[in-house]
Each structure stands twice: as C-alpha cells, then as structure tokens.
Amino acid sequence: MHRKILIFGVIFVIALATIPLLVHDTFYLRVITEAIMWIGLAITWDVIAGYTGYLNFGHGAFFGIGAYTTAILMMRAHWPFGLALIAGGLASGLTAAFIGAPTLRLRGAYFAIATWALARALQQLALVLNFTGGPDGMRLPPFLNPEFFFYAMLTVVVITFAGLWILLEFAPFGLKLKAIREDEAGAMALGLNPTSLKIQSFVLSALPTGIIGGVYAYWITYIDPASVLGDLVTDQAVVMAVFGGLGTLVGPAIGAVLLFAFKTYFWAYLSDYQVLYLIILGAVIALSVVFLPDGLWGTILKYKSSKSPMPLRNDTGETK
Amino acid sequence: MNSKPTVLNIDSVTKDFGGLRAVDDVSFKIRQGEIVGLIGPNGAGKTTLFNIISGYYPPTKGKIVFKGNNISGLSPFKLAKLGIGRTFQIVKPFAGLTVLENVMVASLLRYPKKKEAEEHSWKILEFTGLADRAYMQAAGLTLAGRKRLEISKALALEPSLLLLDEVVAGLNPAEAAKTVELIFKLKEDEGITILIVEHIMRVIMSISDRIVVLNYGRKIAEGKPEAIAQDPIVIQAYLGEED
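What counts and what doesn't
Residues numbered from 1 in each chain as written. Chains lettered and ligands numbered in written order. Predicted model: local features only at pLDDT ≥ 70, side-chain atom pairs only at ≥ 80, totals over all residues. Heavy atoms only, no water. Buried < 20%, exposed > 50% of the residue type's maximum accessible area, 1.4 Å probe, protein only. Helix = DSSP H or I, 4+ residues; strand = E, 2+ residues; numbered from the N terminus. Pairing = 2+ DSSP bridges. Phe/Tyr/Trp six-rings, centres within 6.5 Å; stacked < 30°, edge-to-face > 60°. Lys NZ or Arg CZ within 6 Å of the ring centre and 35° of its normal. Axes fitted to C-alpha atoms, helices over the stretch in contact; angles between N-to-C directions. Parallel < 35°, antiparallel > 145°, perpendicular 65-115°, else oblique. Left-handed = near helix turned anticlockwise from the far one by under 90°. Contact = heavy atoms within 4.5 Å. Buried area = accessible area lost by both parts, 1.4 Å probe. Salt bridge = Lys/Arg side-chain N within 4 Å of Asp/Glu carboxyl O. Polar contact = N/O pair within 3.5 Å; in protein donor to acceptor, adjacent residues only side chain to side chain. Nonpolar A, V, L, I, M, F, W, Y, C, P; charged D, E, K, R; others polar.

K.L.:
Would you mind going over the pairing of strand 3 (residues 35–39) of chain B with me for this structure?
P.N.:
Two faces, one strand: in a regular strand the side chains alternate between the faces of the sheet. All names here are of chain B. Across the five residues that make up strand 3, a large majority, five, are buried. Across the two faces of strand 3 the burial is the same, with Ile35, Gly37 and Ile39 and Val36 and Leu38 all buried. As paired elements, strand 3 and strand 8 (residues 193–197) share four bridges and run parallel to each other. For Leu38, the partnering residue across the bridge sits in strand 8 and is Val197. Bridge count for strand 3 against strand 9 (residues 210–215) is four bridges, and the pairing is parallel. Across the sheet, the residue bridging to Gly37 is Ile211, located in strand 9.

K.L.:
How do you make sense of the packing of aromatic side chains when you look at a structure like this?
P.N.:
What describes a pair of aromatic rings is the distance from one ring centre to the other and the angle between the planes of the rings. The tally for this structure, following the rule as stated, stands at 24 aromatic pairs over all chains. Each member of the aromatic cluster is reached from another via a ring pair, and the members are Phe81, Phe143, Phe148, Phe149 and Tyr218 of chain A. Here Lys153 of chain B stacks its cationic end above the ring of Phe94 of chain B, 4.1 Å away from the centre of that ring.

K.L.:
What is the right way to look at the packing of helix 3 (residues 26–51) of chain A against helix 13 (residues 250–269) of chain A in this model?
P.N.:
Packed helix pairs are characterised by how far apart their axes lie and by the angle those axes make with each other. Residues and elements named next belong to chain A. Closest axis-to-axis distance for the helix 3/helix 13 pair is 8 Å, and the angle between their directions is 140 degrees. Taken together, the axes of helix 3 and helix 13 lie oblique to each other. When the axes of helix 3 and helix 13 are compared, the crossing they make is right-handed. Along the contact surface, helix 3 presents Phe27, Val31, Glu34, Ala35, Trp38, Ile39, Ala42, Ile43 and Asp46, while helix 13 presents Pro252, Ala253, Ala256, Val257, Phe260 and Thr264.

K.L.:
What is the right way to look at the sheet that holds strand 2 (residues 20–31) of chain B in this model?
P.N.:
In a beta sheet, neighbouring strands pair by backbone hydrogen bonds and run either parallel or antiparallel. Residue and element names in this part refer to chain B. Read from one edge to the other, the open sheet built from four strands follows the order 2-1-4-5, with strand pairing classed as antiparallel. Unpaired on one side and paired on the other, strand 2 and strand 5 (69–70) mark the two borders of the sheet. The pairing of strand 1 (residues 6–17) with strand 4 (residues 61–66) spans five bridges and is classified as antiparallel. Residue pairing in the sheet places Thr14 in a bridge with Lys61 of strand 4. Of the strands in this sheet, strand 1, strand 2 and strand 4 touch helix 1 (residues 46–53), which is tilted by about 115 degrees from strand 1.

K.L.:
Got a minute to help me understand the sheet that holds strand 8 of chain B in this structure?
P.N.:
Residue and element names in this part refer to chain B. Sheet architecture is open: six strands sit in the order 6-7-8-3-9-10, paired in mixed fashion. Of all strands in the sheet, those with a lone pairing partner are strand 6 (84–86) and strand 10 (218–223), marking the two edges. Ignoring strand direction, the axes of neighbouring strands in this sheet form an average angle of 15 degrees. Relative to strand 7 (residues 161–165), strand 6 is paired through three bridges, and the arrangement is parallel. Note on strand 7: the bridge partner recorded for Arg86 is Leu163.

K.L.:
For this particular structure, what's the right way to read the interface of chain A and chain B?
P.N.:
The extent of an interface is frequently quoted as the accessible surface area lost upon association of the parts. Of the residues lining the interface, 30 residues belong to chain A; the matching set on chain B comes to 31 residues. Both faces considered, chain A and chain B share a buried interface measuring about 2,500 Å² in area, 66% of it formed by carbon and sulfur atoms. Along the contact surface separating chain A from chain B lie one salt bridge. Here Asp183 of chain A ties to Lys92 of chain B by a salt bridge, and the two come within 3.9 Å at their closest N and O atoms. Across the chain A-chain B interface, the total number found is seven residue pairs in polar contact (both at pLDDT 80 or more). When contributions to the side of chain A that touches chain B are tallied by element, the ones reaching two or more residues are helix 7 (146–170), helix 8 (173–182) and helix 9 (184–189) of chain A. Looking at the side of chain A that touches chain B, the element that brings in the most residues is helix 8 of chain A, giving six residues. Taken together, the residues of the side of chain A that touches chain B sort by class into 15 nonpolar, five polar and ten charged.

Structure, rendered in structure tokens:
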C-alpha cells in the first residue's frame with residue numbers, strides 16, 4: 001500500500017516538474033505556482049486542526065512571519081534568499097511554540113481565540129513598526145524568473161507534503177495526534193503527554209508555513225500587512241481544508257486546487273462581481289459543513305470503505 | 001496473612017473539592033496478584049479515589065506509594081509508563097479510529113515501532129475477544145464492546161496494576177459472565193494486580209480477594225468478601241438505618 005502511494009507520488013511530482021517545459025505562458029505558470037502554494041497552506045493548517053483537533057484561526061500569521069522575516073533579512077541585513085527563508089521558517093516555528101505552550105494546555109476555544117488574536121496583533125504591529133515598513137510594506141529585490149519560483153514553491157511544498165505524510169500517515173505520530181483529537185483524557189491514561197504532542201504538532205504546522213511565506217515574499221517582491229498578515233490567508237486555507245476533508249493530507253490538497261481554480265476563474269472573468277467572492281467562500285464553507293462534514297475526500301473514502309469488504313488480518317497496510 | 005509485596009499503598013488520602021470532602025483519610029494496601037474490590041453507595045468517592053490513584057487529581061492530603069515510590073501528583077501519562085493502567089466508568093473510545101488503532105495507541109507505549117505495536121495489539125484483541133471487530137470504527141461498537149475495548153487499551157500498556165472502573169455494570173448476564181472470566185484470566189495468566197470498582201454485588205463478591213467499602217468518602221470496612229457481606233456497618237450503609 002505504501003509502496004503504491006510512493007510510486008504514484010513520485011510520478012505525480014515528476015509530472016508537476018515538467019509543467020514549466022510545457023507551459024510558457026507566464027500567467028498560467030503563476031496561477032499553477034500559487035495553486036501549489038495553497039496546497040501547502042491547506043495541508044499545514046490541517047496538521048493542527050484536522051489531525052490534532054485544535055482550530056487555528058491565525059494560520060496566516062505564520063505565513064506573514066515567514067514573509068516578513070525573509071524580507072527584512074534580505075533587505076536590511078542582506079542575507080541570501082536561502083538563509084533568510086530558513087530563518088523565516090524557524091521564526092514561525094518558534095512563535096508557534098511560544099504561543100502554543102500556554103494556550104495548548106487548555107481544551108476548548110482558548111486556542112482558537114489566542115491564534116486569532118495573535119494574527120490581528122501581528123498585523124497591527126507590522127502597520128506601526130518602522131523596520132517592517134509600516135502600512136507601505138516592503139519591496140524585495142525583483143528577481144523576475146517565474147520558473148525559479150515555480151520550482152522553489154514546488155520543492156518546498158513537495159518536501160512539506162512528503163514530510164507530513166511520513167510523520168502523520170506512516171510513523172506513529174499521526175495516530176497519537178488523532179487519539180488526542182478524539183479524547184484527550186483517555187489518551188493521557190495511555191501514556192501520551194497531550195500538551196507536548198500538541199505543541200509539536202503546532203510547530204510542525206507553523207514551520208513550513210513560514211517557509212512558504214518567505215518564498216511568496218521574494219516571488220511577489222512586495223508585501224504589506226494586509227496581503228500577508230490579513231484574514232484572507234487563514235480564511236482560504238480553512239475553507240480549502242474543510243471542503244477537501246479534515247484529518248487527511250490528500251483532502252486539503254484537492255480542496256486547495258479546486259477552490260483556487262474557482263477563485264482564479266472568478267477574478268479573471270467575473271471581476272466586476274469581486275464582492276461576491278467572499279460571499280461564495282462563506283457559502284461553500286457553510287454548505288460543506290452541513291452536507292459534506294467529512295469533506296470531499298473524506299466522503300469518497302467513506303464510500304469506498306463501505307463498498308469494499310473488511311481487509312484481511314494480514315493486510316497490515318493503512319485502512320484509512 | 002499474605003507475604004507478597006505491597007504494590008499499592010494508599011496512605012491517609014484526602015481529597016477536597018472546595019468545601020466538599022470527597023475522599024476522607026482513606027488508607028489501604030494492595031498486595032501483588034490480589035484482586036481488591038472497592039464498593040460503596042453512589043457518591044461514596046470510589047471514582048474520585050480512582051482518579052487520584054491514576055493521576056487525574058492530586059490528593060489534598062496523604063500520599064500514594066506504588067512499588068515503593070511516592071507517585072502522588074504525578075500525571076497520568078507518567079503513571080501509565082510506570083505500569084498503572086486504568087479504564088473509565090464513562091468509556092473513552094477514540095470514536096473516529098478503528099478498534100485496532102485504539103489499541104495501537106496504547107501499545108505504542110511499550111512498542112514504539114508501529115509494526116510491533118500492531119502485532120502486540122492483535123495479541124491483545126485476540127485475548128479480549130475483539131479481534132473480529134478490529135477494523136470497525138470504535139464508534140460502532142456496542143456498550144459491551146466498548147467496555148471490552150477499554151480493558152484492551154489498558155492491557156496493551158502491559159500494566160502491573162490495573163484499575164477497573166465498572167467494567168461489568170450495564171452488560172447483560174452473558175456479557176457480564178464473559179467479562180468476569182476475562183478478569184480472572186488477567187489475574188491467573190498474566191499475574192496482574194487489580195483494583196476494581198463495581199456496583200453489581202454478585203460480581204464483586206465472587207471476584208475479589210478482599211473488599212474495601214467506602215461511604216461518604218470514608219473507609220468503613222475492609223476484609224474478605226464473606227465478612228463484608230455480614231458486616232452490620234456495611235449493611236447499614238447500603239440499606240439505611242432501622243428505626
């Protein structure tokens with residue numbers, strides 16, 4: 001089972017890597033690069049929300065921390081892009097550990113409120129501070145090479161996806177997180193330390209998000225508090241993951257591609273009705289929660305498992 | 001009377017919730033290989049005492065000594081590592097996971113590799129009679145199945161002391177008999193020391209080597225089942241006072 005997935009994954013990545021050879025239109029390459037970025041944002045959000053059961057309403061903050069850290073280090077300290085990117089990821093991961101340590105001890109809505117507040121506070125901070133450029137934001141040195149950014153984004157997201165797959169689906173870590181999601185007190189009796197596992201999960205969610213933010217900043221060459229620290233980054237990642245299917249990696253990836261394709265089509269052809277976009281986004285989340293509580297992928301998995309007979313004793317592969 | 005070493009020593013344990021004294025200066029010992037029954041009317045403090053022993057509440061006063069170490073106030077996951085397994089009166093299955101995955105979570109404590117944890121879980125499920133439902137979602141189990149899953153998860157920890165909180169109550173007579181048989185097997189085959197809370201007198205009387213009776217948080221009696229059944233203080237606690 002795992003070998004089949006591995007082979008499929010490798011073929012899929014190779015197919016993606018050949019895209020720039022076939023697509024020479026900069027607009028389409030840009031759209032595909034951004035779609036890959038949203039896959040990364042949706043799956044990382046799902047680590048803490050879907051697998052661990054803690055809603056993070058400030059996911060965009062980690063994207064913004066990565067973007068700003070990369071921009072500041074490149075512009076003010078003249079760090080090379082690669083190093084600044086790693087620093088952006090570490091800054092996000094550290095922030096998650098710092099925010100998670102007190103708030104993930106508690107069950108309930110505290111974590112959701114704290115992450116939302118963090119995102120709003122950071123946005124205000126970026127608006128008033130000098131070294132972030134305030135409301136004017138920051139410009140990065142233009143490096144106008146769409147192929148480079150396509151491959152940079154693809155590399156980061158593929159490594160993230162593969163790393164999460166190994167940790168969450170292959171290694172026992174994912175099972176432990178799900179146990180905490182299902183019943184924290186019960187998990188504790190079985191030798192799991194929930195606080196420690198939740199913080200690890202949160203850092204695992206935030207660190208790659210920061211790196212993705214860093215790539216985005218250098219790619220787009222201009223960031224401001226609204227574009228990288230606003231609500232929309234979180235909101236879209238949430239809708240993509242919920243629509244695709246929480247607690248899986250494939251679901252949020254599918255959700256990201258479908259919703260981003262819709263968004264692009266909408267903005268390209270129906271831009272007179274821009275205000276409708278957020279309304280539709282809201283309707284999609286409401287409808288998918290009511291009619292597809294398991295998301296698209298979760299519903300497909302359920303349908304498949306209800307059709308297939310029970311696996312045999314010796315089939316030690318994943319059944320989910 | 002019994003020369004076996006003491007596994008658990010509950011030493012003058014008191015627990016207050018605000019002004020309410022839920023457990024009041026309770027002391028007793030459990031020796032290796034024993035099954036000790038803990039009984040008492042509703043609200044006597046049995047589950048509270050369980051939660052103190054398994055680390056969910058720290059005691060207000062007194063201490064708990066497990067195999068010579070003071071464990072009062074240690075967190076549940078540390079106690080699980082030391083060898084204390086427990087079940088919950090209100091069962092806590094991981095509803096969205098399969099029965100096998102439920103047990104694997106516990107098996108990972110002693111078998112950190114997933115493959116070995118899975119092998120171990122199969123052994124546990126065969127022992128507890130849930131192997132045929134291994135790929136079922138835990139949410140789909142009957143109450144009897146869920147109680148059995150609770151025991152399976154606690155057993156997968158390979159505990160030396162097992163705390164069973166009402167694993168028989170609510171089952172029909174056939175299921176209850178099977179669970180009682182399972183508990184005997186744990187004692188005889190696995191040599192696990194057991195502290196069990198149970199409401200069904202017939203079960204607790206037949207299963208226990210010794211019984212401790214709580215009422216209003218205090219220990220009012222301790223002894224062999226036959227002696228407890230005759231004890232006027234115990235009868236009074238259950239049936240009320242005669243005018």
